[in-house]
Amino acid sequence: FVFRYAIESGRDSFDSKSFISQRHGGLPLNRRMIDTMQAIDQATSKSRGKDVLPACTSQIQFDLTVADNHAAPLSPEAGYGDVDALQFCAAMRLFAEWRLLRQVPSGYLAYAKGVNLGHKDICQNVAKMENAIHEYIQSTDAEIYGVSTAKDVAIECTADPACTSARIMRRSPTLRQLLIHEINMNTHSTDKLPRLKEGTAAMGLLWVRRQLHYQTALFNNIICVPKDYPSAVKAVGAAYSEVYDNIHGWTIQKIFNYSFTAAPNAEEIYRHMNPDELTRVKIAAAEGGCGDSVAMLGDMRLQKSIESCNDELDCNHSSLEAYFPQLGKHNNFLSTIKDNPLIKLRSHILSECDKLGQNVGGEFDKVTCGIRKIFNHEDRKILNQRRQCAQQNRPALSGELLEQFINERMTMDARRQITTYLHVAKPLLADLAGLFAEMNMDDPTKV
């Protein structure tokens, strides 16, 4: 949901009321999702600053709610990377926070260390992007990019009806414009590309993209346990190898491998991903399945639902990189153009917010410091309705049957949500891969 909102919300055709009324993952938007949308809008608006408009983005090529693997740009008119950079940073900050909160069940300390490292990696690299965005905003003016294009700046009339005076209103950049700006400013020596300069937007986006790729590969794998992978440990390890085998050095690989060996099983992760649904399932089990689409353990409708998820996702998959555009070693883009205030990051979800940066990081700190309240919110009205079914006196499940019922229900729910995520994440990752290939910025340096 967050990534889809970040991609779509800046488009001319975007209508917030229509977006809210749609079903996401088969379900309507709940209060927490709407709160998240508003928090993103407020934080990015304040981060851009006065008289700075959101990035101008073009129409998306395809529907992000259906399964399809595209190697084409999200926006063919503008090319790869036509995503509002600040909106993308916002989505990645929330993603990093969510992963700490919903991917690490209690008691898995070794596994948590690896996820914590990923959280730190995202936050630090998003901070690089945010600093570069603000430098872009400060340096961009009509003389550099031209008022007539209306892509980076807009003219607002201050007199009516004659419009004898106007003021320039700058725009924040898309991801594509941000990388082009660094090339134009010779931030990276073009003769050394794809080697990138540390602390730049390109370097930050490179590592953030890898974290997103890793989580997407992990989800792509874990829904195929035990069909393609015997355990969650193997699924997580395969995702890590796909993304980081040729990038991380021996020491870092050992740290992550130690973390993966302590990964919880898939069922525990599924239970932890959606505590609201887990509560509803437990109530349904206590009531013998009252008010649910599945009244008894082993109901064939439940099994068919799980199987339909498997069919849609198709576990006979190759690595995600097979879907990404590969433009070769030539820098197609370069051949045509040659002639912050402190951010606050948290090292752990339960710790106090440490002041480390500024601008959008500081604004998102206000969101992420309270993100547990949003993600842990329960729909009391629904739960109360479920409890009323107890009056029907259906026999409650217990013991092994109860555990099996809960596992099957949570597996079905998780796979439905993961399906929705993959529909958005795969095209986004393909778009980012195309952007880095076009700009010749896919730095292979090991760390």
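Only a predicted model underlies this, so the values are computations on that prediction, with no experimental measurement involved.

Parameters and conventions
Residues numbered from 1 in each chain as written. Predicted model: local features only at pLDDT ≥ 70, side-chain atom pairs only at ≥ 80, totals over all residues. Heavy atoms only, no water. Helix = DSSP H or I, 4+ residues; strand = E, 2+ residues; numbered from the N terminus. Areas by Shrake-Rupley, 256 points an atom, 1.4 Å probe, with all protein chains shown as cover. Core = buried A, V, L, I, M, F, W, Y, C linked by side-chain atoms within 4.5 Å. Buried < 20%, exposed > 50% of the residue type's maximum accessible area, 1.4 Å probe, protein only. Contact = heavy atoms within 4.5 Å. Salt bridge = Lys/Arg side-chain N within 4 Å of Asp/Glu carboxyl O. Lys, Arg positive; Asp, Glu negative; His and termini not counted. Polar contact = N/O pair within 3.5 Å; in protein donor to acceptor, adjacent residues only side chain to side chain. Axes fitted to C-alpha atoms, helices over the stretch in contact; angles between N-to-C directions. Parallel < 35°, antiparallel > 145°, perpendicular 65-115°, else oblique. Nonpolar A, V, L, I, M, F, W, Y, C, P; charged D, E, K, R; others polar. Expected span 1.5 Å × (residues − 1). pLDDT = per-residue confidence, 0-100.

Let's talk about the overall build of the chain
Reasoning step 1: Looking only at helices and strands, the chain has 18 helices and seven strands in total.
Reasoning step 2: Put simply, the chain shows about 20,700 Å² of open surface, and 51% of that area lies on carbon and sulfur atoms.

What to know about the nonpolar core
Reasoning step 1: Core analysis: the biggest nonpolar cluster contains 102 residues, and Phe88 and Ile222 have the highest contact counts within it.
Reasoning step 2: It is helix H18 (residues 399–439) that provides the largest number of residues to this core, a total of 17 residues.
Reasoning step 3: For isoleucine 222, the contacting residues outside a window of four places in its chain are Ala232, Ala235, Ala266, Ile269, Tyr270 and Ile418.

A few points about the pattern of salt bridges
Reasoning step 1: A full pass over the atoms with the stated rule returns twelve salt bridges.
Reasoning step 2: Salt-bridge contacts for aspartate 276 lead to arginine 32; the nearest nitrogen and oxygen are separated by 2.1 Å. Here aspartate 276, found in helix H12 (residues 275–286), pairs with arginine 32, found in helix H3 (residues 31–48); they are 244 residues apart in sequence, far enough to count as distant.
Reasoning step 3: According to the relative accessible area criterion, aspartate 276 is buried, its value standing at 6%.

What about the side chain of arginine 415?
Reasoning step 1: Examined against the element boundaries, arginine 415 turns out to sit in helix H18.
Reasoning step 2: No salt bridge is formed by the buried arginine 415; its nearest oppositely charged neighbour, glutamate 267, is found at 6.8 Å.
Reasoning step 3: A polar atom in the side chain of arginine 415 sits 3.4 Å from the backbone oxygen of isoleucine 223.

Observations regarding the packing of helix H7 (residues 175–184) against helix H8 (residues 201–222)
Reasoning step 1: Contact geometry for H7 and H8: axes closest at 9 Å, N-to-C directions at 135 degrees. The pairing of H7 with H8 is recorded here as oblique in orientation. Taking contact as the criterion, the partners of Leu175, Leu178, Leu179 and Glu182 in H7 are, on H8, Ala201, Ala202 and Leu205.
Reasoning step 2: Taken together, the residues of the contact of H7 with H8 break down into six nonpolar, no polar and one charged.

Quick look at helix H5 (residues 109–139)
What sets the pattern is the α-helix's 3.6 residues per turn: residues three or four places apart point alike.
Reasoning step 1: For H5, spanning 31 residues, the distance from its first C-alpha to its last is 45 Å, which sits close to the expected 45 Å at 1.5 Å a residue.
Reasoning step 2: Counting buried residues along H5, 22 of its 31 residues qualify, which places the element largely inside the surrounding structure.

Notes on the confidence of the model for the chain
Reasoning step 1: Put simply, the chain has an average pLDDT of 77, and 68% of its residues get 70 or more.
Reasoning step 2: In the predicted structure, residues 329–360 sits below a pLDDT of 50 and forms 83 contacts with residues beyond four places in sequence or in another chain.

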